[in-house]
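Okay, here's what each chain looks like letter by letter:
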Amino acid sequence: MLIASLHSAPAALAAFPLPALAEPSPFPLAEKLLLAALILVSAWLFWRRFGIVLRRILAARKDADFHLFPLTRRIWDFFWEVLCQAKVIRERPLPGLAHAFVFWSFLAFALVTTNHIATGFGFGFLDPAGFFGSIYFLLAAVFAIACAISIAGLFFRRFVVRPVWLAHKDNTLSPESGVIAGLIFLLMATYLGAYLVPAGSAAALVLWWMHTLTLLSFLPLVPHTKHLHLILSPATIFLSRGGFSRIPPLADDEDFGLVTGKDITQLTALQVYSCVECGRCTEHCPAANTGKELNPREIILGLRGYLNEYGPASEEPLLGRYNSQQAAFQCTTCGSCEFQCPVGIEHLPVIVGLRRGAVNTGEWDDEHGGKLFLALERSGNALGMAHSEREKFLAREELPAFDGSQEYCLWLGCMGGYDPKGREIIRSFVQVMRFLGTSYGVLRREKCTGDPARRLGNDLVFQQLAENNLENLAQNKVKKIISICPHCVRTIAEDWKAYGTPPEIEHHSEFLARHQARLPKQPTTGTTVFHDPCYLGRYRNVYDEPRSVIAASSTLVEAERSRERSFCCGAGGGLAFLGEEQGARVSETRVEQLISTGATTIGAACPFCNTMFRDALASRTDNAPQLLDIAQIAAAALPKTSQPNTLQENP
Amino acid sequence: MKIIVAIKQVPERDARIRIDSSGKWIALDDIEFRMNESDAYALEEALLLREAHGGEVIVLSAGPERVGQTIREALAKGADRGIHILSDSLASYDALGVARLMAAAIRDEAADLILTGLQSDDLGLGQTGVILAELLAIPHSSLILKIEKTDTGIRVLRELEDGWFQQIEMPTPALLTIQSGNTRLRYATLMGIKKAKTKELRSVEAASLGVDAVPSVTLDSVALPSRQKSTQMLTGSPAEAAAKLVEKLQQEVRVL
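These figures come from a predicted structure and were not determined experimentally.

Trainee: Explain the domain arrangement of chain B here, please?
Mentor: Interface size is often expressed as the accessible area that is lost when the parts come together. The domains assigned to chain B are domain 1 (2-209) and domain 2 (232-256). If you average the C-alpha positions of domain 1 of chain B and of domain 2 of chain B, the two centres end up 43 Å apart.

Trainee: When you look at the packing of aromatic side chains in this model, what are you seeing that I'm missing?
Mentor: Applying the stated criterion across every chain yields a total of 28 aromatic pairs over all chains. Summarising the aromatic geometry, the rings of A:Trp411 and A:Trp496 are spaced 6.0 Å apart at their centres and angled 80° between planes, so their arrangement reads as edge-to-face. With A:Trp411 in strand β1 (residues 408-411) and A:Trp496 in the loop between α22 (486-493) and β4 (504-507), the pair connects residues that are 85 residues apart, well separated along the chain. Aromatic side chains A:Phe577 and A:Phe608 sit 6.0 Å apart centroid to centroid with 80° between the ring planes, which places their arrangement in the edge-to-face category. With A:Phe577 in the loop between β6 (555-557) and α25 (586-595) and A:Phe608 in helix α26 (residues 607-618), this residue pair connects regions lying 31 residues apart in the sequence. Both residues of the pair, A:Phe577 and A:Phe608, belong to the buried class. Joined through ring pairs, the aromatic side chains of A:Phe109, A:Phe137, A:Tyr191 and A:Tyr195 make up one cluster. Lying over the aromatic face of B:Phe33, B:Arg66 brings its terminal NZ or CZ to 3.8 Å of the ring centre.

Trainee: Explanation requested: the sheet that holds strand β7 (residues 140-149) of chain B in the structure shown.
Mentor: Consider a sheet: its strands pair through backbone hydrogen bonds, and that pairing is either parallel or antiparallel. Residue and element names in this part refer to chain B. Taken together, nine strands build an open sheet; the order of strands is β9-β8-β7-β10-β6-β1-β4-β5-β11 and the sheet is mixed. Strands at the two margins of the open sheet, each flanked by one partner only, are β9 (165-171) and β11 (201-205). Between one strand and the next, the sheet's axes are offset by a mean angle of 35°, whatever the strand orientation. With seven bridges joining them, strand β8 (residues 153-159) and β9 adopt antiparallel strand pairing. The residue of β9 that forms the bridge with Glu159 is Phe165. Running at roughly 150° to strand β6 (residues 113-117), helix α1 (residues 37-53) makes contact with β1 (2-6), β4 (56-63), β6, β7 and β10 (174-178) of the sheet. In this fold helix α3 (residues 95-106) packs onto β1, β4, β5 (81-86), β6 and β11, with an angle of close to 135° to the strand it touches most, β5.

Trainee: Would you explain the packing of helix α12 (residues 296-310) of chain A against helix α15 (residues 347-360) of chain A in this entry?
Mentor: Each pair of packed helices gets described by two things: the angle between the helix axes and the distance between those axes. All names here are of chain A. Contact geometry for α12 and α15: axes closest at 11 Å, N-to-C directions at 75°. Taken together, the axes of α12 and α15 lie roughly perpendicular to each other. Contact residues: Pro296, Ile299, Ile300 and Leu303 in α12; His347, Val350, Ile351 and Leu354 in α15.

Trainee: So what exactly am I meant to see when it comes to a nonpolar patch on the surface here?
Mentor: There is a patch of nonpolar side chains on the surface, built from A:Trp76, A:Phe79, A:Trp80, A:Leu83 and A:Leu107 and spanning about 500 Å² of accessible area. Considering every element that reaches the nonpolar patch, the biggest residue donor is helix α3 (residues 71-83) of chain A, with four residues.

Trainee: Help me understand the sheet that holds strand β3 (residues 480-483) of chain A in this model?
Mentor: Reading across from one edge, β2-β1-β3-β4 (chain A) is the order of the four strands in this open sheet, with parallel pairing throughout. Two strands bound the open sheet, and with one partner strand each, they are β2 (440-441) and β4 of chain A.

Trainee: How should I be thinking about the pattern of salt bridges in this particular structure?
Mentor: Note that side chains of opposite charge can pair when their charged atoms are close. Residues and elements named next belong to chain A. Within the structure shown, the criterion is met by 57 salt bridges over all chains. Close ionic contact of Glu283 with Arg92 constitutes a salt bridge, the shortest N to O distance being 2.7 Å. Remark: Arg92 occurs in the loop between α4 (86-91) and α5 (93-120) and Glu283 occurs in helix α11 (residues 280-284); sequence separation between them is 191 residues. On the accessibility criterion, Arg92 (11% relative accessible area) is buried. Taken together, the shared-partner salt bridges connect Arg356, Asp451, Arg454, Arg455, Asp459, Arg490 and Asp495 into one network.

Trainee: How should the pairing of β4(B) be read in this particular structure?
Mentor: Across a regular strand the side chains alternate sides, sitting on one face of the sheet and then on the other. Residue and element names in this part refer to chain B. The element β4 is largely enclosed, with a buried count of seven among its eight residues. Relative to β4, β1 is paired through five bridges, and the arrangement is parallel. Bridge assignment links Ile3 to a residue of β4, and that residue is Val57. Here β4 pairs with β5 via six bridges, running parallel. If you follow Gly63 over to β5, its bridge partner there is Leu86.

Trainee: Mind showing me how you'd approach the side chain of A:Ser587 here?
Mentor: Tracing the backbone through its elements, the reader meets A:Ser587 in helix α25. Not counting residues up to four positions away in its chain, the partners in contact with A:Ser587 are A:Cys569, A:Met612, A:Phe613 and A:Ala616.

Trainee: Whenever I open this one, the interface of chain A and chain B confuses me. Can you help?
Mentor: Listed as interface residues are 28 residues of chain A and, on the opposing side, 20 residues of chain B. Taking both sides of the interface into account, the surface hidden between chain A and chain B amounts to around 2200 Å²; carbon and sulfur atoms contribute 50%. For the pair chain A and chain B, the number of links is seven salt bridges. Across the pair A:Glu377 and B:Lys77 runs a salt bridge, and its minimum N-O distance is 3.5 Å. For the side of chain A that touches chain B, the secondary-structure elements that each account for two or more residues are α15, α16 (367-379), α17 (387-396) and α21 (459-475) of chain A. Here the side of chain A that touches chain B takes six residues from α16(A), the largest share from any one element. Here the side of chain A that touches chain B is built from residues that sort into nine nonpolar, seven polar and twelve charged.

Here is what the cut-offs are and how they apply
Residues numbered from 1 in each chain as written. Chains lettered and ligands numbered in written order. Predicted model: local features only at pLDDT ≥ 70, side-chain atom pairs only at ≥ 80, totals over all residues. Heavy atoms only, no water. Domains from an automatic or database assignment. Phe/Tyr/Trp six-rings, centres within 6.5 Å; stacked < 30°, edge-to-face > 60°. Helix = DSSP H or I, 4+ residues; strand = E, 2+ residues; numbered from the N terminus. Buried < 20%, exposed > 50% of the residue type's maximum accessible area, 1.4 Å probe, protein only. Lys NZ or Arg CZ within 6 Å of the ring centre and 35° of its normal. Pairing = 2+ DSSP bridges. Axes fitted to C-alpha atoms, helices over the stretch in contact; angles between N-to-C directions. Contact = heavy atoms within 4.5 Å. Parallel < 35°, antiparallel > 145°, perpendicular 65-115°, else oblique. Patch = residues over 30% accessible without salt bridge, like charges linked within 9 Å, V, L, I, M, F, W, Y side chains within 5 Å. Areas by Shrake-Rupley, 256 points an atom, 1.4 Å probe, with all protein chains shown as cover. Salt bridge = Lys/Arg side-chain N within 4 Å of Asp/Glu carboxyl O. Buried area = accessible area lost by both parts, 1.4 Å probe. Nonpolar A, V, L, I, M, F, W, Y, C, P; charged D, E, K, R; others polar.

So this is what it looks like as structure tokens:
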């Protein structure tokens, strides 16, 4: 049946002829030579710029930790993010789809364009009247129409609608984007026009040459503009480090992070030149949205400016003309930029890299930062409290010591061990574990995981804390850790790997969701908006578990920015410990967003978010919603008898 | 300016203290050690002076092998070289003995300035520095908050009691004991630690310095302070309770 229909296809075509693309008559030798000369000029102009960029990328330092294998993840990323344009579409559906059509049209045109040039030399291999040729040209025509509409739409969006994110920092729009859009539109129009004129006619010849000249003008423009991403970003996505916010290990004794051009690696250089300046990173950045100097796109473009001026062998400091120290230290490491980037740029290794460069060499001089590092050095916790305070808390709450016989090591963290609000979360979570009969114990000696030091770029303190804790956990034979703090979870699970093998760890939301069915049912009251902590959502991909805990006792509502688009509370990246912010407070901006849902309760799942929101809510005089951790929400369902009589902090 | 900073390694501040079996000192196993706090400020002052006027900062410490770690920390923060007076039985020396060891170890250095912390966080004698100055026959001043270099020597700001301060002009060489808290301490950096590995750390055996180990002051016994917790609840209306509180703060605690 199938074979029969295939055989009868040409006959069917003859009966219902498809519209055919008009090709010009064969060229005389002079015209062929002219074409060859123009191609050479275009290619030369292209290479004159692209060669420089490529040499700069290749001349950068090699990435010490780069491994090409396993390829599976790379192939998947390439398929999903490049070929399917999944990220481009998902995060900005309409413009994303328009972009995807332009991209898919380019793919469809690969064959058409090759044939087009070959035709000029008399070697055309697709017959416009033939079976395959006629169908393929028609398919390309469908894409051409979609592409022309899309590019016109994108042009309209950029120059008429003018979303603020597309503008440069001086609020101008790049005119070359308009030129490129015009050229793409012309490419499509000159292709489609060939359907409307007779083959071999003068009009066909004019259209052929217009198409060719558009193409040959387009090519040299690519490496001069952000359209370099056409060539580089598929490679960038394929070669990316993988993981999320992955901070590379320092290469050797001379490596202190990103200090000068010599520290820029090939992957970073490739990413820097791939930036398409779409501004998605800026659009989602909590610092850029609250009037701070930091703008993640400008960080990347700053590095590009540096490489263009000084090159990758320069000893000029990276924090100077093109990037500022102040901006680098305004990042909350929320990871929105990296999550959003459609061309595979990994912003966090860059921003944390710049901080490492400034902190590991002692260049960063900040009153609060210095105090934090000294507190971590001397007291082993970020709050600078005496260890004895933690001991008192353990005794008061009758928290058993971990002795190897219990299932879980309950990791208190700095907030759970020392902060009054963090202790309340621990207390509630312990009530739930006691109710469930889960065995747990607490380490007598526990130091900060090093999260704030890690994100602020202090490798010395981070390494000391990580090694010290790893040794302590190994000595105590800890197999499974549970923590109320997403920052502890991330740092232990991922960042400690640089110095050993951390035990298995999970966040209490995962534990609570798993045991949800065994907790008493209670009537649903009020509405609760859940704030996704950056280090739980984007960093760990945990979105549904805390929601299921909340939904058991309250009606869940969503903030406009939620799940992977959640807006930071302002505490991450060590910023909870630094001084007053430039511009508006991130925490107050976020609280405003949460309150606007009308929810009666804000549900949190991170002691840092909790403390930021508590402060932001305290400054409000109106009826502010109550603020509860999911552990407190879960504990509220327990029968009162199972609760110990220590709900209040002892005087 | 050649500056020597004498630092002491002490048990970390909130260590869980137990008295050892001899009853004369605390049990040192399971204790972590830190740089004495006011010594850290002395080091910071020395580094600031060197940054402003050039010269060399030498750290000096005495004690067992583990003290080397604190000297390394000082080198990592920017000191140029270190001298370690190696002794496993430093506790058998009194302040005079330790000062004699130090004097013997640094006499040939001919430093312009010797800085020490005001006192140690463990013994709190506040003696070693000033005795060292006497042994070296140089002038000293204690409780110093600020040091400025002048054409003829130094000008220092000294803290007196009750919010009074004293400005003193001194010649060099001199010895100063430094009060905590007047400057911002720098944090240790990775680059500092890496550089510290290549810096000179000279070890001198205490026994080779020709100092008599027989102390003139001996420690008889140590005891943990007994803890008394007496909470008083002030009752009545907020105004009455506040009045009672003010009275107590004035009459009993005498802080108002």
